[in-house]
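Observations on the three-dimensional arrangement
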Amino acid sequence: MDESKSGAGRFFEDFKIGELIRHATPRTVTSGDKSLYMALYSPRHAAVSSREFARSCGLVEAPIESLAAFHTVFGKSVPDVSVNAIANLGYAEGRFFEPLYPGDTVRTESTVVGLKENRNRASGIVWVRTRGIRKTDETVIEFVRWVMVRKRRTASPAPETCIPELDSCVAAECLHVPRNLDFSGYDFDLAGEPYAWDDYAIGERIDHADAVTVEDAEHMMATRLWQNTARVHFDATLRDDRRRLIYGGHVISLARSLSFNGLANAQFVAAINGGTHANPCFAGDTVRAWSEILDKSETERPSVGALRLRTVASNGEAGQLRDDSGKYNKDILLDLDYWVLIPR
């Protein structure tokens, strides 16, 4: 069977430091994307749920949920970066700029910024800096991610090792507040909770109370929605245990939606400082989430504050992150460090 036209995708040895990859198939986001995202995750933050609420906050329309924009951009990078991935490992230096609205078209490009072969010589780690770009050439989101990618042949020479130096946190003064965003007339009753920026204390922990049991059908629908073609999410024969690996972004969105209980007014994600998929997630796992307030900051907009959060998704009880040796507990699925925008 001739596979010369369909192709097997990139393997670890195919990447080069500094290479710019322009990803295929720009994506026009629609109200249908919003509806399907809500059906999958049930996000309840008012600014993305209600046109009138969004307009009362100075926006022209209810935007696409912050993480839906992230998934859209991420998904376009998969065929060139991680279609042959073993696992997506983490994120850093993520910044969200102007929101995406239904009708916007976004294209994606990535630059290879790091490479390191694993000791088993069967795979390696690839770091890329990915940008989502609106048709006006305006960047709407950018982030670094790293992924473990199979080698085509174990004996193939590996690229020279280059591990990028990444900031541990996006500085508060570098956070972008969307144009015209104004929380001075914010309706806390309609938003669902009375807690503003001043009501949160550094070190406070919030158990988000609810839980969601993951199913294969839902995560595969989500992964198709973002046009994410990573084979490990669909093809059960790629793993010895014959289980489909749940897309890490699916867990991120579940955790974000669960966080409404206690963080209902954290309307927008402003940055992703770091993220780790600590353990794999599979169908049948029940996801719970809790958050810790890591930091607080004012922004350039008097009515808008920023909270730095650590949100943890777990397949167990909330609260315990690591064991006595410092390793993640085996039930920890996600450890996400990010900034959100909230009324002051």
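None of these values were measured; they are calculated from a predicted model.

About the criteria used
Residues numbered from 1 in each chain as written. Predicted model: local features only at pLDDT ≥ 70, side-chain atom pairs only at ≥ 80, totals over all residues. Heavy atoms only, no water. Helix = DSSP H or I, 4+ residues; strand = E, 2+ residues; numbered from the N terminus. Rg over C-alpha atoms; globule rule 2.2 N^0.38 Å. Buried < 20%, exposed > 50% of the residue type's maximum accessible area, 1.4 Å probe, protein only. Contact = heavy atoms within 4.5 Å. Areas by Shrake-Rupley, 256 points an atom, 1.4 Å probe, with all protein chains shown as cover. Lys, Arg positive; Asp, Glu negative; His and termini not counted. Charge placed at Lys NZ, Arg CZ, Asp CG, Glu CD. 1 Å grid on protein atoms, 1.4 Å probe; cavity = no way out; pocket = protein on both sides within 12 Å on 5 of 7 lines; lining within 4 Å. Points joined across faces, edges and corners; volume = space filled by probe spheres on them. Nonpolar A, V, L, I, M, F, W, Y, C, P; charged D, E, K, R; others polar. Salt bridge = Lys/Arg side-chain N within 4 Å of Asp/Glu carboxyl O. Axes fitted to C-alpha atoms, helices over the stretch in contact; angles between N-to-C directions. Parallel < 35°, antiparallel > 145°, perpendicular 65-115°, else oblique. Left-handed = near helix turned anticlockwise from the far one by under 90°. Phe/Tyr/Trp six-rings, centres within 6.5 Å; stacked < 30°, edge-to-face > 60°. Lys NZ or Arg CZ within 6 Å of the ring centre and 35° of its normal.

Focus: the overall build of the protein chain
For the protein chain, the helix and strand inventory stands at eight helices and 11 strands. Rg of the C-alpha trace for the protein chain: 20 Å, near the compact-globule value of 20 Å for 344 residues, within the 12% margin. Its C-alpha atoms give the protein chain principal-axis dimensions of roughly 60 × 50 × 40 Å. Taking all 344 residues of the protein chain together, 54% fall into the buried category. A separation threshold of at least 6 residues defines the contact pool for the protein chain, and within that pool the share at least 24 residues apart is 79%. Of the roughly 15,000 Å² of accessible surface on the protein chain, a fraction of 47% belongs to carbon and sulfur atoms. In the protein chain, which carries 42 positive and 48 negative side-chain charges, the distance between the mean positions of the two groups comes to 7 Å.

Looking at the layout of surface pockets
If you add up the space inside the largest pocket, you get close to 380 Å³. Along the walls of the largest pocket sit 26 residues, with Ile 86, Ala 87, Asn 88, Leu 245 and Ile 246 positioned nearest its centre. Those elements that provide at least two residues to the lining of the largest pocket are α4 (66-81), β3 (85-96), β6 (139-150) and α7 (248-258). In terms of residue count, β3 provides more of the lining of the largest pocket than any other element does, five residues in total. Its residues assigned to classes, the lining of the largest pocket shows 16 nonpolar, seven polar and three charged.

Observations concerning the pattern of salt bridges
This structure, assessed with the given rule, holds 22 salt bridges. The salt bridge partner of Arg 344 is Glu 298, with a shortest N-O separation of 3.4 Å. Placement of the pair is Arg 344 in the segment after β11 (332-343) and Glu 298 in strand β9 (residues 286-298), with a sequence separation of 46 residues. Residue Arg 344 is classed as partly exposed on the basis of its relative accessible area of 35%.

A closer look at the packing of helix α1 (residues 31-41) against helix α6 (residues 216-225)
Two numbers describe how α1 lies on α6: the axes approach to 11 Å, and their chain directions differ by 155°. Judged by the inter-axis angle, α1 sits roughly antiparallel to α6. α6 is crossed by α1, and the crossing has left-handed handedness. In this structure, α1 uses Asp 33, Leu 36, Tyr 37, Leu 40 and Tyr 41 to contact α6, whose residues at the interface are Glu 218, Met 221, Ala 222 and Leu 225. Considering only residue class, the contact of α1 with α6 consists of seven nonpolar, no polar and two charged.

Focus on the packing of aromatic side chains
Taken as a whole and assessed by the stated rule, the structure comprises 10 aromatic pairs. With 5.6 Å between their ring centres and 75° between their planes, Phe 70 and Tyr 91 make a pair best called edge-to-face. One end of the pair, Phe 70, is in helix α4; the other, Tyr 91, is in strand β3, and 21 residues separate them in sequence. With a centroid separation of 6.5 Å and 15° between ring planes, the pair formed by Phe 74 and Phe 143 is classed as stacked. Taken as a pair, Phe 74 in helix α4 and Phe 143 in strand β6 lie far apart in primary sequence, 69 residues in all. One aromatic cluster in this structure is built from Phe 70, Phe 74, Tyr 91, Phe 143 and Tyr 247. Its guanidinium or amino end placed over the ring of Phe 282, Arg 243 lies 4.1 Å from that ring's centre, counting from NZ or CZ.

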